[in-house]
Amino acid sequence: MGAQELDLAALRRVYGRTGSRWFYTRVARNARHWGWTEPGQSKWRLWRAQRQLEDVLGRKLALPAESRVLDAGCGAGVVARAMATRFGLLVTGVDVLDFHLAEARRLSARAALDGRTVFRWGDYHELPFQDDEFDGTYSMETLVHSYHPARALAEFHRVLRPGGRLVLLGPMSTGPLEELPPSARALLEPYLDSMAMTGARLYHAGNLPQLLAAAGFEVEEALDATPYYTPTTEAVHAYFRLPWEVLRRFGDPARWLNLRSTVEMYDVREYVAWYVHTAVKPAR
């Protein structure tokens, strides 16, 4: 199931080019995730929405302070630092991109959180940890990049202690790609390819709970959170549609892949659902 190997070049293309790194650093404040907007809140408060999504994760983990937690695909460590400061967790982040890890370590040291957050190179399909090492694990919108989702979930299960908790947040297609209308596939598949979202070709809103169960988890909740994510989709499209058009026409579009993705997410919104899956490794 999947490509069977890490495509590091594709991930570097998505996250490592100058324009994308500038966008994440200067616009997204080093975060690499979407946002959560409650009913009645303004959709224009994007940074608040990102913080609220981090709070959703912390509440779904539902772990006591000092619990050991794995951040699978940590990026620059924004979510790890949020879990450490707001929920008192001890977070170990893994990522396959060296510049992400360098940013994460630098920012945690600057925030005096290098005692509560640790970052190391790691492919979450082959985690460099012992069995039963963590109380919780999460993936904040990174499972979409998995080249073998079943293997990644099995690794999450292995490194969790019995009774440990897993939370997966992120987008996925509303159903199998081959069952979508041709017009939908014509929009969605090029988007997934450009963003190296191999995993999003392999799982969807209908089968991820089954993949979790096959990995040994008990699924507590599969929350369709699309209404909470949609305001962010609408706002970033409104903010960045014109800048993207200018850069696309007069610059090098390849340098601004993640700016492009914020705009194109709006175009595929009808076929994308945003979910929060919460699962537990059964006690022995």
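Values in this document were obtained by computation on a predicted structure and should not be read as measured data.

**Q** Sorry, what's going on with the overall build of the chain here?
**A** If you tally the helices and strands in the chain, you get 11 helices and 7 strands. For a compact globule of 284 residues, the expected C-alpha radius of gyration is about 19 Å, and the chain comes in at 18 Å, within 12% of that figure. In terms of overall dimensions, the chain has C-alpha extents of about 55 × 45 × 40 Å along its principal axes. Counting all 284 residues of the chain, 56% fall into the buried class.

**Q** Could you clarify how one ought to interpret the nonpolar core in this entry?
**A** Note that soluble globular proteins tend to have their nonpolar side chains buried in a common cluster. Counting residues in hydrophobic clusters, the biggest one holds 86 residues, and the most contacted among them are Tyr138, Leu153 and Phe156. The contacts of phenylalanine 156, once residues within four sequence positions are left out, are Ala72, Tyr124, Leu127, Thr137, Leu143, Leu166, Leu168 and Phe217.

**Q** When you look at helix 5 (residues 98–110) in this model, what are you seeing that I'm missing?
**A** In an α-helix there are 3.6 residues to a turn, and that puts residues three or four apart on one side. Taking 1.5 Å per residue, 13 residues should reach 18 Å; helix 5 reaches 18 Å between its end C-alpha atoms and fits that length. Within the sequence span of helix 5, burial applies to Phe99, His100, Leu101, Glu103, Ala104, Leu107 and Ser108. Looking at the packing, one finds that the buried side of helix 5 touches helix 1 (8–15), helix 2 (18–27), helix 4 (78–87), strand 2 (90–95) and strand 3 (117–121).

**Q** What's the story with the pattern of salt bridges in this structure? I'm lost.
**A** Oppositely charged side chains may form a pair once their charged atoms are brought near each other. Per the counting criterion, the structure on display carries 21 salt bridges. When the shortest N-O distance is used, the salt bridge between glutamate 234 and lysine 43 registers 3.5 Å. Within this pair, whereas glutamate 234 is found in helix 10 (residues 226–250), its partner lysine 43 is found in the loop between helix 2 and helix 3 (46–61), the two being separated by 191 residues in sequence. On the basis of relative accessibility, which here comes to 28%, the residue lysine 43 falls in the partly exposed class. Here glutamate 189 ties to arginine 185 by a salt bridge, and the two come within 3.1 Å at their closest N and O atoms.

How each quantity is defined
- Residues numbered from 1 in each chain as written.
- Predicted model: local features only at pLDDT ≥ 70, side-chain atom pairs only at ≥ 80, totals over all residues.
- Heavy atoms only, no water.
- Helix = DSSP H or I, 4+ residues; strand = E, 2+ residues; numbered from the N terminus.
- Rg over C-alpha atoms; globule rule 2.2 N^0.38 Å.
- Buried < 20%, exposed > 50% of the residue type's maximum accessible area, 1.4 Å probe, protein only.
- Core = buried A, V, L, I, M, F, W, Y, C linked by side-chain atoms within 4.5 Å.
- Contact = heavy atoms within 4.5 Å.
- Expected span 1.5 Å × (residues − 1).
- Salt bridge = Lys/Arg side-chain N within 4 Å of Asp/Glu carboxyl O.

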